[in-house]
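Report on the structure
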Protein chains: 2
Amino acid sequence: MLSKSKMKFIRSLELKKRRREEHAFMAEGGKTVRELLGRFHCRLLAATPEFFARTPAPEADECLQVTPDELLKASLLCTPQEVLAVFDIPDLPLDEDAPRRSLCLALDGVQDPGNLGTIVRLADWFGIEHVYASPDTADVFNPKAVQATMGAIARVQVHYAPLGALLDRLRDVPVYGTFLDGRNIYHEELSGNGLIVMGNEGKGISQEVAEKVSRRLFVPNYPPGRDTSESLNVAVATAVVCAEFRRRMS
Amino acid sequence: MLSKSKMKFIRSLELKKRRREEHAFMAEGGKTVRELLGRFHCRLLAATPEFFARTPAPEADECLQVTPDELLKASLLCTPQEVLAVFDIPDLPLDEDAPRRSLCLALDGVQDPGNLGTIVRLADWFGIEHVYASPDTADVFNPKAVQATMGAIARVQVHYAPLGALLDRLRDVPVYGTFLDGRNIYHEELSGNGLIVMGNEGKGISQEVAEKVSRRLFVPNYPPGRDTSESLNVAVATAVVCAEFRRRMS
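Our subject in this report is the structure included herewith. (Residues numbered from 1 in each chain as written. Chains lettered and ligands numbered in written order. Predicted model: local features only at pLDDT ≥ 70, side-chain atom pairs only at ≥ 80, totals over all residues. Heavy atoms only, no water.)

1. Brief notes about the sheet that holds strand β2 (residues 42–47) of chain A
Residues and elements named next belong to chain A. We apply this condition: Strands pair, by our definition, only if DSSP identifies at least two bridges between them. Under the DSSP-based scheme used, a helix requires at least four consecutive residues in state H or I and a strand at least two consecutive residues in state E, with every element numbered from the N terminus. The angle between two axes is taken between their N-to-C directions and runs from 0 to 180 degrees, where each axis is a line fitted to C-alpha atoms and a helix contributes only its stretch in contact.
Strand order in the open sheet formed by four strands is β1-β4-β2-β3, with mixed pairing between adjacent strands. Sheet topology places β1 (24–28) and β3 (60–65) at the edges, where each strand pairs with a single neighbour. Across the sheet, the mean angle from the axis of one strand to that of its neighbour is 15 degrees, orientation sign disregarded.

Written as C-alpha coordinates, this is what we have:
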(Lines give C-alpha, C1' and ligand atoms only; values in the text may rest on other atoms or scores of the structure.)
Protein backbone atom coordinates (compact mmCIF):
# COMPACT_ATOMS: atom_id res chain seq x y z
CA MET A 1 0.00 0.00 0.00
CA LEU A 2 1.10 3.56 -0.69
CA SER A 3 0.89 5.68 2.44
CA LYS A 4 -0.43 9.22 2.16
CA SER A 5 3.00 10.66 2.83
CA LYS A 6 4.64 8.53 0.10
CA MET A 7 1.89 9.45 -2.33
CA LYS A 8 2.47 13.11 -1.51
CA PHE A 9 6.23 12.74 -1.92
CA ILE A 10 5.90 11.04 -5.31
CA ARG A 11 3.46 13.59 -6.62
CA SER A 12 5.68 16.43 -5.41
CA LEU A 13 8.31 15.27 -7.93
CA GLU A 14 6.22 16.78 -10.68
CA LEU A 15 7.93 20.06 -9.81
CA LYS A 16 11.49 20.70 -10.94
CA LYS A 17 12.22 22.63 -7.74
CA ARG A 18 11.25 19.63 -5.62
CA ARG A 19 13.23 17.24 -7.85
CA ARG A 20 16.34 19.35 -7.35
CA GLU A 21 15.83 19.60 -3.59
CA GLU A 22 15.23 15.87 -3.27
CA HIS A 23 17.80 14.95 -5.90
CA ALA A 24 15.18 12.48 -7.14
CA PHE A 25 12.91 11.86 -10.11
CA MET A 26 10.02 9.59 -10.93
CA ALA A 27 9.65 7.12 -13.76
CA GLU A 28 6.55 5.21 -14.79
CA GLY A 29 5.86 2.20 -16.96
CA GLY A 30 7.40 -1.24 -17.17
CA LYS A 31 9.78 -0.65 -20.04
CA THR A 32 11.18 2.61 -18.70
CA VAL A 33 11.53 1.43 -15.10
CA ARG A 34 13.22 -1.83 -16.11
CA GLU A 35 15.74 0.08 -18.22
CA LEU A 36 16.59 2.36 -15.30
CA LEU A 37 16.83 -0.30 -12.58
CA GLY A 38 20.41 -1.19 -11.85
CA ARG A 39 21.68 1.91 -13.67
CA PHE A 40 20.25 4.50 -11.31
CA HIS A 41 19.81 4.05 -7.58
CA CYS A 42 16.15 3.28 -6.91
CA ARG A 43 14.70 4.58 -3.65
CA LEU A 44 11.16 3.37 -3.98
CA LEU A 45 9.32 1.10 -6.37
CA ALA A 46 5.56 0.62 -6.32
CA ALA A 47 4.07 -1.93 -8.67
CA THR A 48 1.23 -4.33 -9.31
CA PRO A 49 1.62 -8.08 -8.67
CA GLU A 50 1.93 -8.52 -12.47
CA PHE A 51 5.08 -6.40 -12.53
CA PHE A 52 6.69 -8.35 -9.67
CA ALA A 53 5.81 -11.61 -11.41
CA ARG A 54 7.90 -10.56 -14.40
CA THR A 55 10.58 -8.71 -12.42
CA PRO A 56 10.91 -10.74 -9.22
CA ALA A 57 13.64 -8.90 -7.33
CA PRO A 58 13.99 -5.30 -8.47
CA GLU A 59 17.03 -3.55 -7.03
CA ALA A 60 15.38 -0.89 -4.89
CA ASP A 61 15.60 0.39 -1.31
CA GLU A 62 11.91 -0.23 -0.85
CA CYS A 63 9.43 -2.25 -2.89
CA LEU A 64 5.69 -1.94 -2.43
CA GLN A 65 2.96 -4.02 -3.95
CA VAL A 66 0.03 -1.79 -4.85
CA THR A 67 -3.21 -1.83 -6.81
CA PRO A 68 -3.60 -0.29 -10.28
CA ASP A 69 -5.89 2.24 -8.66
CA GLU A 70 -3.23 3.40 -6.21
CA LEU A 71 -0.73 3.67 -9.06
CA LEU A 72 -3.10 5.81 -11.07
CA LYS A 73 -3.57 8.12 -8.08
CA ALA A 74 0.19 8.56 -7.70
CA SER A 75 0.82 8.83 -11.44
CA LEU A 76 2.05 12.10 -12.91
CA LEU A 77 1.24 10.93 -16.44
CA CYS A 78 -2.40 10.05 -15.74
CA THR A 79 -2.26 6.94 -17.89
CA PRO A 80 -2.52 3.50 -16.28
CA GLN A 81 0.88 1.91 -15.68
CA GLU A 82 1.97 -1.22 -13.87
CA VAL A 83 4.86 0.37 -12.01
CA LEU A 84 6.31 3.63 -10.84
CA ALA A 85 9.65 4.21 -9.21
CA VAL A 86 11.64 6.99 -7.62
CA PHE A 87 15.31 7.17 -8.62
CA ASP A 88 18.22 9.33 -7.53
CA ILE A 89 19.19 11.98 -10.05
CA PRO A 90 22.76 10.93 -10.96
CA ASP A 91 25.69 13.27 -10.43
CA LEU A 92 27.18 13.61 -13.89
CA PRO A 93 30.51 15.32 -14.34
CA LEU A 94 30.25 17.83 -17.22
CA ASP A 95 32.27 16.10 -19.95
CA GLU A 96 33.23 18.97 -22.24
CA ASP A 97 35.63 16.92 -24.25
CA ALA A 98 33.08 14.52 -25.74
CA PRO A 99 32.39 16.63 -28.88
CA ARG A 100 36.09 16.35 -29.78
CA ARG A 101 35.87 12.55 -29.79
CA SER A 102 32.31 11.89 -30.93
CA LEU A 103 29.12 13.33 -32.33
CA CYS A 104 27.05 15.14 -29.69
CA LEU A 105 23.87 17.20 -29.58
CA ALA A 106 23.31 20.68 -28.16
CA LEU A 107 19.76 21.79 -27.41
CA ASP A 108 19.12 25.52 -27.32
CA GLY A 109 15.87 26.10 -25.46
CA VAL A 110 13.86 23.01 -26.41
CA GLN A 111 10.73 23.64 -24.35
CA ASP A 112 8.50 20.62 -24.62
CA PRO A 113 9.43 17.73 -22.28
CA GLY A 114 8.00 15.25 -24.81
CA ASN A 115 10.25 16.61 -27.56
CA LEU A 116 13.25 16.52 -25.23
CA GLY A 117 12.59 12.92 -24.20
CA THR A 118 12.07 11.89 -27.82
CA ILE A 119 15.40 13.50 -28.73
CA VAL A 120 17.19 11.60 -25.94
CA ARG A 121 15.62 8.37 -27.21
CA LEU A 122 16.75 8.95 -30.79
CA ALA A 123 20.20 10.07 -29.62
CA ASP A 124 20.53 6.65 -28.01
CA TRP A 125 19.42 4.96 -31.25
CA PHE A 126 22.02 6.87 -33.23
CA GLY A 127 24.81 6.28 -30.72
CA ILE A 128 25.01 9.83 -29.41
CA GLU A 129 26.03 9.65 -25.77
CA HIS A 130 26.17 13.29 -24.75
CA VAL A 131 23.54 15.97 -25.04
CA TYR A 132 24.30 19.53 -23.90
CA ALA A 133 21.22 21.55 -23.02
CA SER A 134 20.91 25.28 -22.40
CA PRO A 135 19.58 26.13 -18.93
CA ASP A 136 16.21 27.16 -20.44
CA THR A 137 15.73 23.73 -22.05
CA ALA A 138 13.08 21.54 -20.42
CA ASP A 139 14.23 19.34 -17.53
CA VAL A 140 15.07 15.84 -18.68
CA PHE A 141 13.85 14.52 -15.31
CA ASN A 142 10.38 15.93 -15.92
CA PRO A 143 8.04 12.90 -15.79
CA LYS A 144 6.88 13.44 -19.39
CA ALA A 145 10.46 13.69 -20.62
CA VAL A 146 11.48 10.54 -18.73
CA GLN A 147 8.50 8.74 -20.25
CA ALA A 148 9.36 9.84 -23.79
CA THR A 149 12.97 8.64 -23.43
CA MET A 150 11.60 5.10 -22.97
CA GLY A 151 14.59 4.40 -20.77
CA ALA A 152 17.26 5.88 -23.03
CA ILE A 153 18.04 8.33 -20.23
CA ALA A 154 19.97 5.44 -18.67
CA ARG A 155 22.48 5.58 -21.53
CA VAL A 156 22.51 9.19 -22.76
CA GLN A 157 23.98 11.90 -20.54
CA VAL A 158 22.22 15.26 -20.58
CA HIS A 159 24.40 18.12 -19.35
CA TYR A 160 22.89 21.52 -18.59
CA ALA A 161 25.28 24.36 -19.39
CA PRO A 162 25.17 27.80 -21.00
CA LEU A 163 25.76 26.96 -24.67
CA GLY A 164 27.43 30.21 -25.71
CA ALA A 165 30.31 29.75 -23.29
CA LEU A 166 30.53 26.04 -24.07
CA LEU A 167 30.85 26.72 -27.80
CA ASP A 168 33.54 29.31 -27.09
CA ARG A 169 35.59 26.62 -25.40
CA LEU A 170 34.95 24.22 -28.30
CA ARG A 171 36.11 26.41 -31.19
CA ASP A 172 38.22 23.55 -32.54
CA VAL A 173 35.23 21.26 -33.22
CA PRO A 174 32.71 21.52 -36.05
CA VAL A 175 29.40 23.02 -34.86
CA TYR A 176 26.37 22.25 -37.03
CA GLY A 177 22.93 23.78 -36.84
CA THR A 178 19.79 23.72 -38.99
CA PHE A 179 18.43 26.93 -40.46
CA LEU A 180 15.80 27.62 -43.11
CA ASP A 181 18.52 29.35 -45.12
CA GLY A 182 21.16 26.68 -44.41
CA ARG A 183 22.86 24.49 -46.99
CA ASN A 184 21.30 21.25 -48.23
CA ILE A 185 22.53 18.64 -45.73
CA TYR A 186 22.77 16.02 -48.48
CA HIS A 187 25.42 18.03 -50.32
CA GLU A 188 27.55 18.94 -47.31
CA GLU A 189 30.51 17.21 -45.78
CA LEU A 190 29.62 15.83 -42.36
CA SER A 191 32.09 14.80 -39.68
CA GLY A 192 32.09 11.99 -37.14
CA ASN A 193 32.58 14.34 -34.23
CA GLY A 194 31.36 17.78 -33.17
CA LEU A 195 28.08 19.27 -32.09
CA ILE A 196 24.69 19.44 -33.76
CA VAL A 197 22.72 22.38 -32.35
CA MET A 198 18.92 22.21 -32.38
CA GLY A 199 16.80 25.18 -31.36
CA ASN A 200 13.59 26.14 -29.63
CA GLU A 201 10.27 24.91 -31.09
CA GLY A 202 9.05 28.39 -32.03
CA LYS A 203 12.10 30.59 -32.25
CA GLY A 204 14.78 28.19 -33.44
CA ILE A 205 18.42 28.71 -32.42
CA SER A 206 19.09 31.86 -30.39
CA GLN A 207 21.16 34.58 -31.96
CA GLU A 208 24.03 34.19 -29.48
CA VAL A 209 24.36 30.50 -30.32
CA ALA A 210 23.61 30.88 -34.04
CA GLU A 211 26.68 33.12 -34.38
CA LYS A 212 28.86 30.27 -33.16
CA VAL A 213 27.47 27.69 -35.60
CA SER A 214 30.16 27.11 -38.21
CA ARG A 215 28.18 24.84 -40.56
CA ARG A 216 24.62 25.90 -41.36
CA LEU A 217 22.50 23.01 -42.61
CA PHE A 218 19.00 22.64 -44.05
CA VAL A 219 16.82 19.52 -44.34
CA PRO A 220 15.28 20.00 -47.81
CA ASN A 221 11.54 19.74 -48.19
CA TYR A 222 10.00 18.08 -51.22
CA PRO A 223 9.61 18.96 -53.97
CA PRO A 224 12.30 21.62 -53.45
CA GLY A 225 10.88 25.11 -53.11
CA ARG A 226 7.29 23.96 -52.64
CA ASP A 227 5.13 25.96 -50.25
CA THR A 228 4.76 23.61 -47.29
CA SER A 229 4.79 23.76 -43.53
CA GLU A 230 7.37 26.26 -42.43
CA SER A 231 9.34 23.78 -40.46
CA LEU A 232 9.59 20.34 -38.95
CA ASN A 233 8.98 19.42 -35.33
CA VAL A 234 12.31 19.73 -33.51
CA ALA A 235 12.57 16.03 -32.60
CA VAL A 236 11.76 15.08 -36.19
CA ALA A 237 14.38 17.46 -37.56
CA THR A 238 16.96 16.16 -35.08
CA ALA A 239 16.22 12.61 -36.23
CA VAL A 240 16.64 13.36 -39.92
CA VAL A 241 19.92 15.18 -39.27
CA CYS A 242 21.34 12.47 -36.98
CA ALA A 243 20.29 9.73 -39.41
CA GLU A 244 22.14 11.48 -42.23
CA PHE A 245 25.34 11.85 -40.17
CA ARG A 246 25.21 8.15 -39.29
CA ARG A 247 24.31 7.04 -42.81
CA ARG A 248 27.56 8.58 -44.03
CA MET A 249 29.56 6.79 -41.35
CA SER A 250 28.07 3.35 -41.95
CA MET B 1 -17.39 37.68 -25.06
CA LEU B 2 -17.89 33.93 -25.13
CA SER B 3 -21.36 32.96 -23.96
CA LYS B 4 -21.76 29.98 -21.69
CA SER B 5 -23.43 27.97 -24.45
CA LYS B 6 -20.60 28.70 -26.92
CA MET B 7 -18.01 27.81 -24.32
CA LYS B 8 -19.83 24.56 -23.70
CA PHE B 9 -20.07 23.83 -27.42
CA ILE B 10 -16.36 24.45 -27.98
CA ARG B 11 -15.33 22.33 -25.05
CA SER B 12 -17.63 19.51 -26.19
CA LEU B 13 -15.43 19.17 -29.30
CA GLU B 14 -12.81 17.48 -27.17
CA LEU B 15 -14.82 14.28 -27.74
CA LYS B 16 -14.59 12.46 -31.05
CA LYS B 17 -18.25 11.46 -30.82
CA ARG B 18 -19.29 15.10 -30.58
CA ARG B 19 -16.95 16.14 -33.39
CA ARG B 20 -18.56 13.56 -35.67
CA GLU B 21 -22.07 14.60 -34.69
CA GLU B 22 -21.31 18.27 -35.21
CA HIS B 23 -19.06 17.70 -38.19
CA ALA B 24 -16.76 20.23 -36.57
CA PHE B 25 -13.36 20.48 -34.92
CA MET B 26 -11.46 23.04 -32.95
CA ALA B 27 -8.07 24.56 -33.63
CA GLU B 28 -6.00 26.77 -31.36
CA GLY B 29 -3.05 29.08 -31.82
CA GLY B 30 -2.25 31.80 -34.33
CA LYS B 31 -0.13 29.79 -36.72
CA THR B 32 -2.50 26.83 -36.96
CA VAL B 33 -5.68 28.91 -37.23
CA ARG B 34 -4.19 31.20 -39.89
CA GLU B 35 -3.17 28.16 -41.97
CA LEU B 36 -6.69 26.73 -41.78
CA LEU B 37 -8.61 29.94 -42.51
CA GLY B 38 -9.75 30.09 -46.11
CA ARG B 39 -9.09 26.35 -46.58
CA PHE B 40 -11.72 25.04 -44.20
CA HIS B 41 -15.04 26.70 -43.50
CA CYS B 42 -14.79 28.53 -40.18
CA ARG B 43 -17.93 28.70 -38.06
CA LEU B 44 -16.64 30.58 -35.10
CA LEU B 45 -13.44 32.40 -34.29
CA ALA B 46 -12.64 33.79 -30.85
CA ALA B 47 -9.47 35.81 -30.44
CA THR B 48 -7.72 38.54 -28.52
CA PRO B 49 -7.42 42.09 -29.91
CA GLU B 50 -3.78 41.26 -30.75
CA PHE B 51 -4.86 38.51 -33.15
CA PHE B 52 -7.35 40.77 -34.92
CA ALA B 53 -4.70 43.47 -35.24
CA ARG B 54 -2.54 41.06 -37.22
CA THR B 55 -5.40 39.30 -39.03
CA PRO B 56 -7.96 42.07 -39.58
CA ALA B 57 -10.77 40.23 -41.44
CA PRO B 58 -10.68 36.50 -40.82
CA GLU B 59 -13.08 34.55 -43.04
CA ALA B 60 -15.48 33.17 -40.45
CA ASP B 61 -19.24 33.02 -39.89
CA GLU B 62 -18.80 34.66 -36.52
CA CYS B 63 -15.87 36.51 -34.98
CA LEU B 64 -15.68 37.30 -31.30
CA GLN B 65 -13.18 39.46 -29.46
CA VAL B 66 -12.36 37.86 -26.15
CA THR B 67 -9.89 38.14 -23.29
CA PRO B 68 -6.92 35.75 -22.87
CA ASP B 69 -8.69 34.52 -19.75
CA GLU B 70 -11.80 33.50 -21.67
CA LEU B 71 -9.64 31.76 -24.27
CA LEU B 72 -7.84 29.80 -21.63
CA LYS B 73 -11.17 28.70 -20.16
CA ALA B 74 -12.38 27.44 -23.55
CA SER B 75 -9.01 25.91 -24.47
CA LEU B 76 -8.69 22.16 -24.83
CA LEU B 77 -4.91 22.38 -24.79
CA CYS B 78 -4.64 24.31 -21.54
CA THR B 79 -1.83 26.48 -22.84
CA PRO B 80 -2.39 30.18 -23.41
CA GLN B 81 -3.22 30.97 -27.05
CA GLU B 82 -4.34 34.15 -28.80
CA VAL B 83 -7.05 32.51 -30.86
CA LEU B 84 -9.29 29.50 -31.16
CA ALA B 85 -11.61 28.62 -33.99
CA VAL B 86 -14.22 26.03 -34.87
CA PHE B 87 -14.01 24.65 -38.41
CA ASP B 88 -16.15 22.25 -40.43
CA ILE B 89 -14.63 18.81 -40.86
CA PRO B 90 -14.15 18.59 -44.64
CA ASP B 91 -15.83 15.84 -46.66
CA LEU B 92 -12.91 14.12 -48.35
CA PRO B 93 -13.55 11.54 -51.05
CA LEU B 94 -11.42 8.47 -50.38
CA ASP B 95 -8.77 8.72 -53.10
CA GLU B 96 -7.49 5.15 -53.39
CA ASP B 97 -5.52 5.82 -56.50
CA ALA B 98 -3.02 8.24 -54.97
CA PRO B 99 -0.45 5.53 -54.02
CA ARG B 100 -0.21 4.59 -57.72
CA ARG B 101 0.80 8.14 -58.63
CA SER B 102 2.73 9.29 -55.57
CA LEU B 103 4.29 8.37 -52.28
CA CYS B 104 1.70 8.01 -49.47
CA LEU B 105 1.66 6.96 -45.84
CA ALA B 106 -0.47 4.32 -44.13
CA LEU B 107 -0.79 4.42 -40.33
CA ASP B 108 -1.72 1.17 -38.63
CA GLY B 109 -3.01 2.02 -35.17
CA VAL B 110 -0.95 5.09 -34.28
CA GLN B 111 -2.46 5.93 -30.90
CA ASP B 112 -1.04 9.19 -29.72
CA PRO B 113 -2.67 12.30 -31.20
CA GLY B 114 0.61 14.20 -30.86
CA ASN B 115 2.46 11.56 -32.88
CA LEU B 116 -0.29 11.57 -35.50
CA GLY B 117 -0.23 15.36 -35.84
CA THR B 118 3.57 15.37 -36.04
CA ILE B 119 3.40 12.77 -38.82
CA VAL B 120 0.91 14.88 -40.78
CA ARG B 121 3.22 17.88 -40.37
CA LEU B 122 6.25 15.99 -41.67
CA ALA B 123 4.20 14.43 -44.47
CA ASP B 124 3.51 17.97 -45.63
CA TRP B 125 7.20 18.83 -45.43
CA PHE B 126 8.13 15.84 -47.55
CA GLY B 127 5.36 16.42 -50.11
CA ILE B 128 3.18 13.49 -49.10
CA GLU B 129 -0.42 14.50 -49.71
CA HIS B 130 -2.35 11.40 -48.67
CA VAL B 131 -2.27 9.52 -45.38
CA TYR B 132 -4.40 6.39 -44.94
CA ALA B 133 -5.17 5.57 -41.33
CA SER B 134 -6.66 2.41 -39.86
CA PRO B 135 -9.92 3.01 -37.97
CA ASP B 136 -8.11 2.47 -34.64
CA THR B 137 -5.62 5.24 -35.37
CA ALA B 138 -6.11 8.44 -33.34
CA ASP B 139 -8.49 11.02 -34.77
CA VAL B 140 -6.66 13.71 -36.73
CA PHE B 141 -9.29 16.24 -35.58
CA ASN B 142 -8.42 15.61 -31.95
CA PRO B 143 -7.32 19.05 -30.61
CA LYS B 144 -3.84 17.77 -29.74
CA ALA B 145 -3.41 16.26 -33.19
CA VAL B 146 -4.59 19.46 -34.89
CA GLN B 147 -2.13 21.42 -32.77
CA ALA B 148 0.78 19.13 -33.65
CA THR B 149 0.08 19.44 -37.39
CA MET B 150 0.80 23.18 -37.09
CA GLY B 151 -1.68 23.72 -39.90
CA ALA B 152 -0.41 21.00 -42.24
CA ILE B 153 -3.83 19.38 -41.93
CA ALA B 154 -4.94 22.01 -44.45
CA ARG B 155 -2.74 20.40 -47.11
CA VAL B 156 -2.50 16.70 -46.20
CA GLN B 157 -5.58 14.50 -46.55
CA VAL B 158 -6.06 11.84 -43.87
CA HIS B 159 -8.38 9.02 -44.97
CA TYR B 160 -9.68 6.49 -42.43
CA ALA B 161 -10.10 3.05 -43.95
CA PRO B 162 -9.42 -0.59 -43.00
CA LEU B 163 -5.84 -1.05 -44.21
CA GLY B 164 -6.00 -4.79 -44.94
CA ALA B 165 -8.71 -4.37 -47.56
CA LEU B 166 -7.06 -1.23 -48.95
CA LEU B 167 -3.77 -3.05 -49.45
CA ASP B 168 -5.60 -5.91 -51.15
CA ARG B 169 -6.89 -3.44 -53.71
CA LEU B 170 -3.41 -1.94 -54.13
CA ARG B 171 -1.45 -5.11 -54.90
CA ASP B 172 0.17 -3.42 -57.90
CA VAL B 173 1.96 -0.75 -55.82
CA PRO B 174 5.04 -1.19 -53.63
CA VAL B 175 4.16 -1.38 -49.93
CA TYR B 176 6.99 -0.56 -47.53
CA GLY B 177 7.05 -1.04 -43.78
CA THR B 178 9.68 -0.82 -41.05
CA PHE B 179 10.52 -3.87 -38.95
CA LEU B 180 13.35 -4.60 -36.53
CA ASP B 181 14.33 -7.49 -38.82
CA GLY B 182 13.83 -5.49 -42.04
CA ARG B 183 16.53 -4.69 -44.58
CA ASN B 184 18.82 -1.68 -44.19
CA ILE B 185 16.89 1.15 -45.87
CA TYR B 186 20.12 2.68 -47.17
CA HIS B 187 20.85 -0.38 -49.28
CA GLU B 188 17.36 -0.87 -50.71
CA GLU B 189 15.81 0.44 -53.87
CA LEU B 190 13.09 2.95 -53.07
CA SER B 191 10.33 4.06 -55.43
CA GLY B 192 8.65 7.41 -56.00
CA ASN B 193 5.18 5.99 -55.45
CA GLY B 194 3.55 3.44 -53.15
CA LEU B 195 2.73 3.23 -49.49
CA ILE B 196 4.90 3.44 -46.40
CA VAL B 197 3.18 1.65 -43.51
CA MET B 198 3.97 2.76 -39.95
CA GLY B 199 2.64 0.88 -36.95
CA ASN B 200 1.36 1.33 -33.44
CA GLU B 201 3.69 2.86 -30.81
CA GLY B 202 3.90 -0.30 -28.73
CA LYS B 203 2.99 -3.17 -31.00
CA GLY B 204 4.22 -2.00 -34.38
CA ILE B 205 2.45 -3.09 -37.55
CA SER B 206 -0.42 -5.56 -37.02
CA GLN B 207 -0.01 -9.07 -38.37
CA GLU B 208 -2.78 -8.69 -40.95
CA VAL B 209 -1.13 -5.62 -42.45
CA ALA B 210 2.45 -6.90 -42.03
CA GLU B 211 1.64 -9.83 -44.31
CA LYS B 212 0.81 -7.40 -47.08
CA VAL B 213 4.04 -5.41 -46.78
CA SER B 214 6.15 -6.34 -49.80
CA ARG B 215 9.32 -4.45 -48.83
CA ARG B 216 10.48 -4.75 -45.24
CA LEU B 217 12.82 -1.93 -44.21
CA PHE B 218 14.92 -1.12 -41.16
CA VAL B 219 16.42 2.20 -40.05
CA PRO B 220 19.85 1.13 -38.82
CA ASN B 221 20.98 2.22 -35.39
CA TYR B 222 24.58 3.24 -34.74
CA PRO B 223 27.02 1.69 -34.42
CA PRO B 224 25.35 -1.28 -36.10
CA GLY B 225 24.40 -4.03 -33.66
CA ARG B 226 24.92 -1.91 -30.56
CA ASP B 227 22.58 -2.50 -27.65
CA THR B 228 20.41 0.63 -27.66
CA SER B 229 16.81 1.61 -27.27
CA GLU B 230 14.64 -1.02 -28.86
CA SER B 231 13.02 1.35 -31.27
CA LEU B 232 12.44 4.90 -32.37
CA ASN B 233 9.36 6.98 -31.66
CA VAL B 234 6.93 6.40 -34.55
CA ALA B 235 6.95 10.00 -35.78
CA VAL B 236 10.75 10.02 -35.68
CA ALA B 237 10.96 6.75 -37.62
CA THR B 238 8.45 8.03 -40.18
CA ALA B 239 10.57 11.14 -40.67
CA VAL B 240 13.81 9.25 -41.24
CA VAL B 241 12.12 6.93 -43.74
CA CYS B 242 10.39 9.74 -45.65
CA ALA B 243 13.58 11.80 -45.72
CA GLU B 244 15.47 8.88 -47.25
CA PHE B 245 12.82 8.36 -49.97
CA ARG B 246 12.96 12.04 -50.84
CA ARG B 247 16.76 12.25 -50.71
CA ARG B 248 16.91 9.62 -53.46
CA MET B 249 14.44 11.56 -55.58
CA SER B 250 16.17 14.94 -55.25
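2. Describing the interface of chain A and chain B
What counts here: Note on contacts: a residue pair is in contact if any heavy atoms of the two residues lie within 4.5 Å. Buried area adds together the accessible area that both of two parts lose upon being put together, with accessible area traced by a 1.4 Å probe. Salt bridge criterion: a side-chain nitrogen from Lys or Arg within 4 Å of a carboxyl oxygen from Asp or Glu. Between N or O atoms, a polar contact is any pair within 3.5 Å; within protein, one atom must be a potential hydrogen donor and the other a potential acceptor, and residues adjacent in sequence are included only when both atoms are from side chains. Only Asp, Glu, Lys and Arg are considered charged, only Ala, Val, Leu, Ile, Met, Phe, Trp, Tyr, Cys and Pro nonpolar, and every remaining residue, Gly among them, polar.
In this complex, chain A contributes 35 residues to the contact, which on the side of chain B involves 35 residues. Ranking the residues of chain A by area buried against chain B places Arg121, Trp125 and Tyr222 of chain A at the top, with a combined share of 26%. There are zero salt bridges connecting chain A and chain B. On the surface where chain A and chain B come into contact, there are ten residue pairs in polar contact (both at pLDDT 80 or more). Residue assignment for the side of chain A that touches chain B shows that the elements contributing at least two residues are α7 (113–125) and α11 (234–249) of chain A. With nine residues, α11 of chain A is the single largest residue contributor to the side of chain A that touches chain B. When grouped by side-chain class, the residues that make up the side of chain A that touches chain B number 17 nonpolar, eight polar and ten charged.

3. Describing helix α7 (residues 113–125) of chain B
All names here are of chain B. Threshold: Multiplying one less than the number of residues by 1.5 Å gives the expected span of a helix. Between buried and exposed lies partly exposed: a residue is buried under 20% and exposed over 50% of the maximum accessible area for its type, with that area taken using a 1.4 Å probe on protein chains only.
Spanning 13 residues, α7 covers 19 Å between terminal C-alpha atoms, matching the ideal 18 Å at 1.5 Å per step. Taking burial as the measure, the 13 residues of α7 include twelve buried ones, the bulk of the element. Looking at α7, one finds that the buried residues are Pro113, Asn115, Leu116, Gly117, Thr118, Ile119, Val120, Arg121, Leu122, Ala123, Asp124 and Trp125. A distance of 3.0 Å separates the backbone nitrogen of glycine 114 from a side-chain oxygen at the start of α7, and that oxygen is part of aspartate 112.

4. What about the environment of aspartate 172 of chain A?
Residues and elements named next belong to chain A. Mapped onto the fold, aspartate 172 is located in the loop between α9 (163–169) and β8 (175–184). Since its relative accessible area comes to 53%, aspartate 172 is described here as exposed. Separated by 22 residues in sequence, aspartate 172 and glycine 194 place their C-alpha atoms 9.0 Å apart. A polar side-chain atom of aspartate 172 sits 2.6 Å from a polar atom in the side chain of arginine 100.

5. Observations regarding the pattern of salt bridges
One pass over the structure, following the stated rule, counts 48 salt bridges over all chains. Between aspartate 97 of chain B and arginine 100 of chain B there is a salt bridge, and its shortest N-O distance comes to 2.6 Å. On the basis of relative accessibility, which here comes to 35%, the residue aspartate 97 of chain B falls in the partly exposed class. Several salt bridges converge on common partners, so that one network encompasses Lys17, Arg18, Glu21, Glu22, Arg43 and Asp88 of chain A.

6. Details of the side chain of serine 75 of chain A
One can find serine 75 of chain A in the loop between α5 (68–74) and β4 (83–88). Only 2.7 Å separates the side chain of serine 75 of chain A from the side chain of glutamate 28 of chain A, close enough to count as a polar contact.

7. A few points about the packing of α7 of chain A against α11 of chain A
Packed helix pairs are specified by the crossing angle of their axes together with the interaxial distance, meaning the distance between the axes. Residues and elements named next belong to chain A. In plain terms, the rule: Between 65 and 115 degrees an angle is taken as roughly perpendicular, under 35 as roughly parallel, over 145 as roughly antiparallel, and anywhere else as oblique. Crossing handedness is defined as follows: a turn of the near helix away from the far one that is anticlockwise and smaller than a right angle gives a left-handed crossing, while the clockwise case is right-handed.
Contact pair α7 / α11: the axes reach a minimum separation of 9 Å and the direction vectors enclose 15 degrees. Comparing their axes, α11 and α7 come out roughly parallel. Note on packing geometry: the crossing formed by α7 with α11 is right-handed. The residues of α11 that touch α7, namely those facing Asn115, Thr118, Ile119 and Leu122, are Val234, Ala235, Thr238, Ala239 and Cys242. Taken together, the residues that form the contact of α7 with α11 break down as six nonpolar, three polar and no charged.

8. Structural notes on the packing of aromatic side chains
How we decide: Each Phe, Tyr or Trp ring (for Trp, its six-membered ring) is paired with any other whose centre lies within 6.5 Å, and the angle between the two planes then decides the class: stacked below 30 degrees, edge-to-face above 60, tilted in between. Throughout this description, the term charge over a ring refers to an Arg CZ or Lys NZ atom that lies within 6 Å of the ring centre and within 35 degrees of the ring normal.
Counted by the stated rule, this structure contains twelve aromatic pairs over all chains. Within the aromatic cluster, the residues linked to one another by ring pairs are Phe25, Phe40, Phe87 and Phe141 of chain A. Here the guanidinium or amino end of arginine 216 of chain A rests over the ring plane of phenylalanine 179 of chain A, the centre of that ring lying 3.8 Å away. The ring of tyrosine 186 of chain A has arginine 247 of chain B sitting right over it, with the charged end atom 6.0 Å from the ring centre.

9. Focus on the pairing of strand β1 (residues 24–28) of chain B
All names here are of chain B. Of all five residues making up β1, five are buried, and the element is well covered by its neighbours. On β1, burial covers both faces: Ala24, Met26 and Glu28 on one face and Phe25 and Ala27 on the other are all buried. The sheet contact formed by β1 and strand β4 (residues 83–88) spans five bridges and is antiparallel. In the sheet register, alanine 27 faces β4, and the bridge partner there is alanine 85.

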